[in-house]
Each structure stands twice: as structure tokens, then as C-alpha cells.
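# Remarks on the overall topology
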Amino acid sequence: MKLEAVPALRRALLRWYHAQARDLPWRHTSDPYAILVSELMLQQTQVKTVIPYYEKFLKAFPTARALAKAPEDKVLAAWAGLGYYRRARFLHAAAKAVVARGAFPRDLEGLRGLPGVGAYTAAAVASIAFGLPAAVVDGNVVRVMSRLLALDQDAGRGAGAAAVREAAQALLDPGDPGAFNQAVMELGATLCSPAKPRCPACPLQGHCAAFRAGEPEAYPVLPARAPSRRVLKAVALVVQGRGARAQVLMKPRQASGRLQGFWALPEAALASEDEAMAEQKALREARRLAGKGVALAGRLPKLRHSITVHAIQLWPFWFSVKAAAPRAGWRWVGLAQAGKLPVAAAERKLLATLGKALRKSGDEAGEWGLKL
Ligand code: SF4
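What counts and what doesn't
Residues numbered from 1 in each chain as written. Predicted model: local features only at pLDDT ≥ 70, side-chain atom pairs only at ≥ 80, totals over all residues. Heavy atoms only, no water. Near = heavy atom within 4 Å. Nonpolar A, V, L, I, M, F, W, Y, C, P; charged D, E, K, R; others polar. Axes fitted to C-alpha atoms, helices over the stretch in contact; angles between N-to-C directions. Helix = DSSP H or I, 4+ residues; strand = E, 2+ residues; numbered from the N terminus. Parallel < 35°, antiparallel > 145°, perpendicular 65-115°, else oblique. Left-handed = near helix turned anticlockwise from the far one by under 90°. Contact = heavy atoms within 4.5 Å. Core = buried A, V, L, I, M, F, W, Y, C linked by side-chain atoms within 4.5 Å. Buried < 20%, exposed > 50% of the residue type's maximum accessible area, 1.4 Å probe, protein only. pLDDT = per-residue confidence, 0-100. Pairing = 2+ DSSP bridges.

Attention shifts here to the site of the ligand. Taken together, Arg147, Cys192, Cys199, Cys202, Gln205, Cys208, Phe211 and Pro216 make up all the residues around the ligand. Residues that form the shell around the ligand fall into these classes: six nonpolar, one polar and one charged.

So, in C-alpha cells, the structure goes:
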């Protein structure tokens, strides 16, 4: 792209952005804390999913100081359902770091020093909150830049990734870097989509080498994705008691990692898709944790979900038991209380399914499932 074309490109993109951009709640603020919350929530999560969580989270924790003071289980509960819980822990730690240093860092280096803040997030906060000329590079930006340049290299690494970064920085409007960064991402999210980009409506059509070549979808050039790894598990939903006194067997996870602090249901790994074997393994695990009196009450619908490269299949079984003392570390949790604990999205769905099964069986304890 010729240097003399850059000012026209900037003008066209910003004009389009100010006229067409979606009205999103984090676009009404220049508070670095609120922008950091939105950026962490938006990582690997769709905008429409994030909006209600963003609003609820800021209502519960309106400032970095309020978040820093909150106990972790409250923070995780406000995040529950959004997934990738490391982000919530990072945000919590970042708020504590801001309070410890006395103010929000106002430069790239200081922002990069906050827990969970990488190059992309630092540039987003720096440009949007403080007007610093730092270009963001996320998946949308990679796609737009690759197409503008018709970049014939792997845009995800090495020289290709460097070319994308350089282009994003060279095109960035120094007069309004925050709006320009958001405009490129907005273009990638709305018009310049991975499949079937809407080039006729695009303000950058006249500057786009991939459009001129007639094959915008050929860019970005990316390596083939690694095949997903399948994970199969049997899950035991063990219920003690009926009605208002019904309780389900759960435990807080001790292990470090993504789900640390979240509550788990009993589960057993499966080597193959063998339903009889799955039931046996779930029953064995349920009896190991809640005693020999555990009996099968029903099979629940299977659940599929994906985390990073793992394609996970959960085969849930509903068991019942009369009064039983659980094995150390496990607890009987009242059904109403289970919905208020930090629980990952998959377990949340399983508990809701159990609630439905209880209601169907005529046990009003299942009503709690509606509140999850
Ligand atoms: Fe993307 Fe098409 Fe616009 Fe090029 S012209 S930036 S391919 S939408």
C-alpha cells in the first residue's frame, strides 16, 4: 500500500466506524478498569454473551478497589458461565496490583506488568483509555491486515506475524488511536468476516489487495489446525434426601489450574463409548464416595462441549442414596445452594438437567434447577 494512501484509508475507516459501529456498553467509557474488564471478558467470548456479564460485573465491582477487596469465590461466581476462569483470577489479581501501586498504570510497560495483561490487552487499554498510539493485534486485525496486504505468509508467526504488526502500527491513526483500533476490530467482526466478507459494503475496498485479486477469503494464510482431542467422562449426580432437604454430592476443586476454586461433581474417565461401562464406572465412583447404599435413579442426556483443543463428552447418571456420610473432601450441598456456588458451565448444565429430572419425578426439589 502506498504511503500517500494512508490518510484516506484512516478517514474512510473512522467515518464508517462512527456511523456504523455497534453500540456496546464499553464504548461509552474511558475508565481503564472498565476497559480492562471488557477486554478480558471478550477474549475467546462473543460480544453478545459478554454484554450482560460486563454490566453485572461492573455493578458488583464498580472499581478496581472494590474488586480487589472482594473474596475470590464472589468474583468467580460473578464470572460463572463465561468460561476460561483464569481470566477472572487474572482480573482479580490485576485489581489488587493496581490498588497496591496506588493508581492505574498509564503506559504500555506498566500495563504489561499487570497479571493477565499481554501485548493485545495492554495496547487496547493504552489506546482507548489513554490515547496512546499502540496498535492492537487480535484475530480480527490479523484478518483485515492480511487481506489489505494480500499477505502470502503464515500470519500467525514469524515474518508474517511481524508484517501484520507493522501494518497495524503504520496504519494506526495517531489522532485517535483508540477509535482506530476499535474500528479495525469492528470491521473484522462485522464486514470482513472469515467466510463471505461483505466487500461491497466495505469502506476499505479501494485499499484492499485481496479484494482486487478477487479472493479475499484466501487470506489470512494460516497453518492447518491441530485435530481436537476427545475426552470422555462418566459423571455421577448423587442425590441424598427429597424435597426441600435434597442435597447433591460435590466438592471444591483443590488442584491448581483453570477451574481451581470451582465445585466439582464425581466423575470417572472413560476409554470408549460403552454406555454399560460408563454406568458401571459412575456407580463405582458414587459408591466409593457415598457408600454402598447408592442406587441408579436414571440416565441423563449426554452433554458435549469444547475447551481449547479438547472435545469433551460427559455421560451423566443420576443416583440416589438414603442418609450417607461422604468420603473426606466431599460434601452434601443443598440444591438451592448449589446454584450459588462457583460452578463451571458444563457442571451448571448437568445440575440444571438433574433439576429437570427431579421435577419430572415429582420431587419439588427440582425447582431449584430453574434458578441456575
Ligand atoms: Fe475485508 Fe473485503 Fe474490506 Fe478487503 S474489501 S478489508 S476483504 S471486507
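Turning our eyes to something else, we now look at the packing of helix 8 (residues 119–130) against helix 11 (residues 177–190). At a closest axis distance of 7 Å, the pairing of helix 8 and helix 11 adopts a crossing angle of 130°. If you check the angle between helix 8 and helix 11, you find them oblique. Considering only the axes of helix 8 and helix 11, their crossing is left-handed. Where helix 8 abuts helix 11, its residues Tyr120, Ala123, Ser127 and Ile128 lie against Pro177, Gly178, Asn181, Gln182 and Met185. By residue class, the composition of the contact of helix 8 with helix 11 is five nonpolar, four polar and no charged.

Moving on, we come to the nonpolar core. Core analysis: the biggest nonpolar cluster contains 83 residues, and Tyr33, Met41, Phe57, Trp79, Met145 and Leu187 have the highest contact counts within it. Among the elements that take part in this core, helix 8 stands out by supplying nine residues, more than any other. In this view, Phe57 contacts Tyr33, Val37, Met41, Leu67, Val75, Ala78, Trp79 and Leu91; residues no more than four positions away in its chain are not counted. Ranked by size, the runner-up nonpolar core spans 25 residues in total, among them Leu300, Leu314, Leu341 and Ala357.

Turning to the confidence of the model for the protein, a few remarks are in order. The predicted model of the protein has a mean per-residue pLDDT of 90, with 94% of residues at 70 or higher. Mean pLDDT values for the elements of the protein range from 82 in helix 14 (residues 335–338) up to 97 in helix 4 (residues 64–69). Confidence drops under a pLDDT of 50 for residues 367–372, and excluding neighbours within four residues, the segment shows 17 contacts in the predicted structure.

This part takes up the pairing of strand 2 (residues 247–252). Here strand 1 (residues 229–240) pairs with strand 2 via two bridges, running antiparallel. Each bridged residue has a counterpart across the sheet, and for Val239 the counterpart in strand 2 is Val248. With four bridges joining them, strand 2 and strand 8 (residues 331–334) adopt antiparallel strand pairing. Residue pairing across strands places Met250 opposite Arg331, the latter belonging to strand 8. In the sheet, strand 2 pairs with strand 3 (residues 263–264) via two bridges, with the strands oriented antiparallel. By the bridge assignment, Lys251 is partnered in strand 3 with Ala264.

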